[in-house]
Amino acid sequence: MPGLGQAMKTYPVYLNGEWLVTTDSVGVVNPASEDIIGRMSQVERRHVVQALEDAHKAFAGWRQITGRGRGEILERIADEVHRRREELARIITLENGKPIAQSQGEVAMAEDHLRWFAEEARRVYGRVVPPQNESKRHLVIKTPMGVVAAISPWNFPLVLAVRKVAPALAAGCPVILKPARQTPLSAVTFAECVHAAELPAGVFQLVAGNAAEIGREFLDNPLCRKITFTGSTEVGRKLIAGAAARVKPLSLELGGNAPLLVFDDCSLDDAVKGTLLAKFRNTGQSCIAANRIYVQRGVYPAFLQSLTEKVVALKVGDGIDPQTQIGPLIDRAAVDKAAEHVNDAVNGGAKLLCGGHPLKREGFFFEPTVLADVGRNSLCMFEETFAPVAPLTCFDTEREAVALANNSDYGLSAYVFTNDMKRMFRLVESLEAGMIGVNDGLPTTSQCPFGGVKQSGWGRELGREGVDAFLDTKHISLQLD
């Protein structure tokens, strides 16, 4: 397939082992320039129906391959991702906007996910359960659920797709992937990696098109046995309502509103570095981004000064430039929302220490921003900002900090900076979040579960839980006489 930069190309979907360029397509926009960099084929609902039928047919053979055999194929896919890592990183930056170094990191993490689940495919264990009746024996086994629909977001377009596809394939389930409308090109390139690894036809397919129409077919079609989705809580609620008719299982990784707590016994330098990572990675467009920053009064002035100095120094620009640290937001609506949140905070009495405005240049850029003394009822303290905007306020006691952190409908992640070991354990037990970084601004890793509580979703990805999400558990009772 020709690469980016040639004459305008329409990228294909991948159905039952074949590439298909459809007559209907939509433009993919580079958020740094607002230029269309390619077009993505769009399928009709009938294509999704056929894809589900083909995946169901492929299921019978795929589930019979041993875990070791499935793992070997996943390793081959990982090898292809590694071979094309620079190309993949460039595509991610062009369609998403993130700095190229972060795109390279995303590709490396996607490769690691593939290799982790290649190994986990061998470790789908059941158990023998001691009987309560001497004439019986009990077994528990795990079997693949069936065809899985995976719906991935735009903010980490490769790794969050792989986070769904890899464990489902490892478990023995065929997968149909629907990437985000804004960022389908990295998914097409990943599909090429799958194709090169010679995965059996129908076991992995890629569709793109009207999200509501495709989602409805996933929900209504009985051949689709599970949907795994990363995106907004609003869309998650619609999937929950739609799944009710067939009691269809869902894995949902939804919105976040992560608190970050800085205590006066922390290493200030480490806390500032961790906050920069937790808040400004991917230009603030991360579901686990620190959205509410609470700093204990004793270190509040020093923390504000140090953080602001470092944020002012961040280089904003096109992500293709290797010097860029802050890229564009995904679209104009994201810029408008960031401005709304900043203006609301300032009107509520917050102090604007740096940034706070859209950049007057092509692309969807917003200045890296620090807000001090933000009112606790400000929009940015209750809604995901998804932008390089850091709102700060101070607290006095640990009890107060926990209450502020837990005062949210969301509970995906939380961050704590302290050197008090007793406090660490109190906080990780009392904070209402599925993932907690203690003196760590980036807690995600392939071997540990990823997911949240409250309205941040259902279920877990990654770790051994990532494979369990695609397995049915069966109890076998054996009557011996």
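Residues numbered from 1 in each chain as written. Predicted model: local features only at pLDDT ≥ 70, side-chain atom pairs only at ≥ 80, totals over all residues. Heavy atoms only, no water.

**Here we look at the pattern of salt bridges**
Formally: The rule for a salt bridge is simple: a side-chain nitrogen of Lys or Arg has to be within 4 Å of a carboxyl oxygen of Asp or Glu. Helix and strand definitions follow DSSP, with helices as H or I runs of at least four residues and strands as E runs of at least two, each counted in order from the N terminus. Remark: exposure states derive from per-residue accessible area (1.4 Å probe, protein chains only) relative to the maximum for the residue type, with buried under 20%, exposed over 50%, and partly exposed in between.
The full count for this structure, using the stated rule, is 24 salt bridges. Taking the shortest distance from any N to any O, the salt bridge between Glu-111 and Arg-115 comes out at 3.0 Å. One end of the pair is Glu-111 and the other is Arg-115, both in helix H4 (residues 100–120) and 4 residues apart, which spans about a single turn. Look at Arg-115 and you get partly exposed, because its relative accessible area is 24%. One salt bridge connects Lys-142 with Asp-468, and the closest N-O pair in it is separated by 3.3 Å. Separated by 326 residues along the polypeptide, Lys-142 in strand S7 (residues 136–144) and Asp-468 in helix H14 (residues 463–468) bring together distant segments of the chain. Take Asp-468: its relative accessible area is 33%, and that puts it in the partly exposed class. Through salt bridges with shared partners, a single ionic network connects Arg-45, Arg-216, Glu-217 and Asp-220.

**Description of the sheet that holds strand S5 (residues 35–41)**
Adjacent strands of a sheet form backbone hydrogen bonds with each other and so pair up, either parallel or antiparallel. Short version of the rule: DSSP bridges decide pairing: two strands pair if at least two such bridges lie between them.
Strand order in the open sheet formed by 3 strands is S1-S5-S4, with mixed pairing between adjacent strands. The open sheet has two free edges, formed respectively by strand S1 (10–11) and strand S4 (25–30), since each of these has just one partner strand. Across 2 bridges, S1 lies against S5 in parallel orientation. By the bridge assignment, Tyr-11 is partnered in S5 with Met-40.

**Structural notes on the layout of surface pockets**
Rules: With a 1 Å grid laid over protein atoms only, a set of points is called a cavity when a 1.4 Å probe fits there but cannot get out and a pocket when it is open yet has protein on both sides within 12 Å along at least five of seven lines; lining residues have an atom within 4 Å of a point. Grid points are joined across faces, edges and corners, and a volume is the space filled by probe spheres set on the points. In this count, Pro and Cys sit with the nonpolar residues alongside Ala, Val, Leu, Ile, Met, Phe, Trp and Tyr, while Asp, Glu, Lys and Arg are called charged and the others, Gly among them, polar.
Of the pockets and cavities examined, the largest pocket occupies roughly 1300 Å³. Of all the elements in the fold, those that place two or more residues in the lining of the largest pocket are helix H7 (211–220), strand S11 (224–230), helix H8 (233–243) and helix H11 (332–347). At 6 residues, the largest contribution of residues to the lining of the largest pocket is made by H8. Looking at the lining of the largest pocket residue by residue, the class counts come to 18 nonpolar, 14 polar and 11 charged. The computed volume of the second largest pocket comes to approximately 260 Å³. Of all the secondary-structure elements, those providing two or more residues to the lining of the second largest pocket are H4 and helix H5 (159–171). Here the residues of the lining of the second largest pocket are counted per class, giving 9 nonpolar, 5 polar and 5 charged.

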